[in-house]
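If you want the building blocks of each chain, they are given just below.
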Amino acid sequence: MDSYDVIIIGAGPAGLTAALYSARAKLRTLVLERAASGGQMTATDMIENYPGFPEGVSGAELAALMERQALRFGAERRSAAVLSLDLEGGLRIVRTDKGDLACRALIIASGATPRPLGCPGEAELRGRGVSYCAVCDAAFYEGCRVAVVGGGDAAVEEALYLTRFASEVLLIHRRDALRATKIVQERALAEPRLKILWDTVVEGIRGGDAVEAVDLKNLRTGQRSSEPVDGVFVYVGLSPSNAFCEALRAEDSGSYIRTDEHMRTRVPGVYAVGDVREKELRQVVTAAADGAIAATHAGKYVVEQCTENPQPLEKTMSALLEATKENFDAEVRSCGQPVLVDFWGPRCGPCLALLPVVEELAAGFAGRMKFCTVNSAENRRLAIDLKVMSLPSFLFFKGGQEVARLQGEFGRQEIVERIQAVLG
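Note that this is a predicted model, so its numbers are computed, not measured.

Peer 1: Talk me through the overall build of the chain; I want residue IDs and the actual numbers.
Peer 2: Across its full length, the chain holds 11 helices and 22 strands. Once the C-alpha set of the chain is aligned to its principal axes, its extents read approximately 90 × 40 × 40 Å. Looking at the chain as a whole, 53% of its 424 residues qualify as buried. Of the contacts made within the chain by residues no fewer than 6 positions apart, 62% connect residues no fewer than 24 positions apart. Of the roughly 19,600 Å² of accessible surface on the chain, a fraction of 49% belongs to carbon and sulfur atoms. Taking the 49 positively charged and 56 negatively charged side chains of the chain as two groups, their mean positions are separated by 3 Å.

Here it is, written out as structure tokens:
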């Protein structure tokens, strides 16, 4: 079973920000996502309220930038669907459709999915005119008449986006005022191809092979009517994607996961961020903030667990040779192949986080390079003799002589590059 310091479920803005912070802290970090990165961002044509992009940025572009930044610092990403969690014991077990994974700290960033209307015809015509993503499907409705259901920012912004393609867009809202922000409302009211049907709900969606009409009811007058449309886009809220962790759901909060201000759930070492958690404002910027907070506290938790409960680390180190002052010459200086020596300390968080990486690399470069660890607390004189004055420190030997070293802030990528350079 593969193990990590931190596993993050979900690659939306919350999950990717958590991955960035976790990886930069030199924690072995894995992001699990069954679909494309970006979450709800990818369903948004233009994000205008995320700091740093004065002209706005598309959701897809921002998602790609966030993922690239997290991967740059050493975070890993796997495509897998999470089936369930085992939160008992010291390690958290994540069961996926591609096998089980273990971690010390778990960050749930699985987001939310569009909530359906629940009216007759919706499920039957989904994918045949009923859509939940204008950015994805708008191009199919060039010159057509379409309906958008909802009155919040997402509904109004996507209705405006649809006016680039459709001949007319009907925005159907159950109240007499939109809930979208003022600037978005002003744009909607000024758009000639956007018609708003106030105080109106959808009672049904009709069609054969594709959507043909929506059945409506005016809540103020009780009058029923039908409007011919070629497509219906639904934006009436979100439902949290957390079926795999029912034990953490708070039923009195719409099944969202409840956390404290540090993003901690009621299970130690388990955090929830972004749209999956109970919160007031669901925006990209608040999701990113959630991810940063959770990763910071998860990092502290991992260091505490490594110090108080070192058993998993001892198992990790068992696959590596433990060098000491007494056997250093025989195991390192007299070795016939290149040697990587990892100087670590039992209370050094970055050192502890790198140990699983060293074990993984030892297996990957077996037969080409020897891997040793030195507990600097127990071999202080050896460390001083080799001028190791800070941790973590990786020393590389070839032909009995030190040929390179890594000290300070470095991660898996830097280690691999230095190994390849030493091997030539």
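Peer 1: Tell me about the pattern of salt bridges, residues and numbers included.
Peer 2: For the structure shown, the criterion picks out 21 salt bridges. Its salt-bridge partner being Glu 48, residue Arg 187 comes within 2.8 Å of it at the nearest N-O pair. On the criterion of sequence distance, the pair formed by Arg 187 in helix H5 (residues 182-190) and Glu 48 in the loop between strand E2 (29-32) and helix H2 (59-72) is long-range, its members being 139 residues apart. With a relative accessible area of 37%, Arg 187 lands in the partly exposed category. Residues joined in a network through salt bridges with shared partners are Asp 86, Arg 95 and Asp 100.

Peer 1: I'd like a description of the side chain of Asp 199, backed by residues and values.
Peer 2: Note that Asp 199 resides in the loop between strand E11 (194-197) and strand E12 (200-207). A distance of 3.4 Å separates a polar side-chain atom of Asp 199 from the backbone nitrogen of Asp 176. Other than its neighbours up to four places away in sequence, Asp 199 contacts His 173, Arg 174, Arg 175, Asp 176, Lys 217, Asn 218, Leu 219 and Arg 220.

Peer 1: Give a description of the packing of helix H1 (residues 13-24) against H2 that names residues and reports values.
Peer 2: Relative to each other, H1 and H2 sit at 20 degrees, their axes nearing to 8 Å. Classified by the angle their axes make, H1 and H2 are roughly parallel. When you trace H1 past H2, the crossing you get is left-handed. On the side of H1, the interface is formed by Pro 13, Leu 16, Ala 19, Leu 20 and Ala 23, while H2 contributes Ala 63, Met 66, Glu 67, Gln 69 and Ala 70. Class assignment of the residues belonging to the contact of H1 with H2 gives a composition of eight nonpolar, one polar and one charged.

Peer 1: Which residues make up unusual backbone geometry, and what are the values?
Peer 2: When glycine is set aside, most residues are seen to have a negative phi, and most peptide bonds are trans. Even without a glycine there, the phi angle at Asp 199 is positive, about 55 degrees. Exposure remark for Asp 199: the relative accessible area of 14% places this residue in the buried category. At Met 263, a residue that is not glycine, the phi angle is positive and equals roughly 70 degrees. Tracing the backbone through its elements, the reader meets Met 263 in the loop between strand E16 (238-240) and strand E17 (270-272). A relative accessible area of 3% means that Met 263 is categorised as buried.

Peer 1: Kindly report on the pairing of strand E20 (residues 370-375), identifying the contributing residues and their values.
Peer 2: Each regular strand shows side chains that alternate between the opposite faces of the sheet. Counting buried residues along E20, six of its six residues qualify, which places the element largely inside the surrounding structure. As judged from the two bridges shared by strand E18 (residues 321-322) and E20, these two strands associate in the parallel manner. Within the sheet, the bridge partner assigned to Leu 321 lies in E20 and is Cys 372. Pairing of strand E19 (residues 339-344) with E20 involves six bridges; the strand directions are parallel. Across the sheet, Val 339 pairs through a bridge with Lys 370, a residue of E20.

Peer 1: Explain the sheet that holds E18 to me, and be specific about the residues and the numbers.
Peer 2: Two strands in a sheet stick together by hydrogen bonds in their backbones, pointing the same way (parallel) or opposite ways (antiparallel). The sheet built from five strands is open, its strands ordered E18-E20-E19-E21-E22 with mixed pairing. Of all strands in the sheet, those with a lone pairing partner are E18 and strand E22 (401-407), marking the two edges. The sheet strands contacting helix H11 (residues 412-423) are E19, E20, strand E21 (393-398) and E22, and the helix crosses E22 at an angle near 165 degrees.

Peer 1: Residues and numbers for the packing of aromatic side chains, please.
Peer 2: Geometrically, a pair of aromatic rings is defined through the distance of the ring centres and the angle of the planes. Inspection of every chain in the model, using the stated rule, returns four aromatic pairs. Centroid distance Phe 328 to Phe 397: 5.7 Å. Interplanar angle 75 degrees. Geometry classified as edge-to-face. Remark: Phe 397 occurs in strand E21 and Phe 328 occurs in helix H8 (residues 328-333); sequence separation between them is 69 residues. For Phe 328, a relative accessible area of 2% corresponds to the buried category. Just above the ring of Phe 73 sits the side chain of Arg 24; from NZ or CZ to the centre is 5.3 Å. Over the face of the ring belonging to Tyr 4 we find Arg 28, whose NZ or CZ atom lies 4.2 Å from the ring centre.

Peer 1: Give me the lowdown on the nonpolar core, citing residues and values where you can.
Peer 2: Core analysis: the largest hydrophobic core is formed by 34 residues, its most contacted members being Ile 8, Leu 62, Ile 107 and Tyr 271. Leu 62 has contacts with Met 41, Ile 47, Tyr 50, Phe 53, Val 57 and Val 284, leaving out every residue within four places of it along the chain. Core analysis: the next-biggest nonpolar cluster, separate from the first, contains 24 residues, Val 148, Leu 160, Leu 194 and Phe 233 among them.

Basis of the calculations
Residues numbered from 1 in each chain as written. Predicted model: local features only at pLDDT ≥ 70, side-chain atom pairs only at ≥ 80, totals over all residues. Heavy atoms only, no water. Helix = DSSP H or I, 4+ residues; strand = E, 2+ residues; numbered from the N terminus. Buried < 20%, exposed > 50% of the residue type's maximum accessible area, 1.4 Å probe, protein only. Contact = heavy atoms within 4.5 Å. Areas by Shrake-Rupley, 256 points an atom, 1.4 Å probe, with all protein chains shown as cover. Lys, Arg positive; Asp, Glu negative; His and termini not counted. Charge placed at Lys NZ, Arg CZ, Asp CG, Glu CD. Salt bridge = Lys/Arg side-chain N within 4 Å of Asp/Glu carboxyl O. Polar contact = N/O pair within 3.5 Å; in protein donor to acceptor, adjacent residues only side chain to side chain. Axes fitted to C-alpha atoms, helices over the stretch in contact; angles between N-to-C directions. Parallel < 35°, antiparallel > 145°, perpendicular 65-115°, else oblique. Left-handed = near helix turned anticlockwise from the far one by under 90°. Nonpolar A, V, L, I, M, F, W, Y, C, P; charged D, E, K, R; others polar. Pairing = 2+ DSSP bridges. Phe/Tyr/Trp six-rings, centres within 6.5 Å; stacked < 30°, edge-to-face > 60°. Lys NZ or Arg CZ within 6 Å of the ring centre and 35° of its normal. Core = buried A, V, L, I, M, F, W, Y, C linked by side-chain atoms within 4.5 Å.

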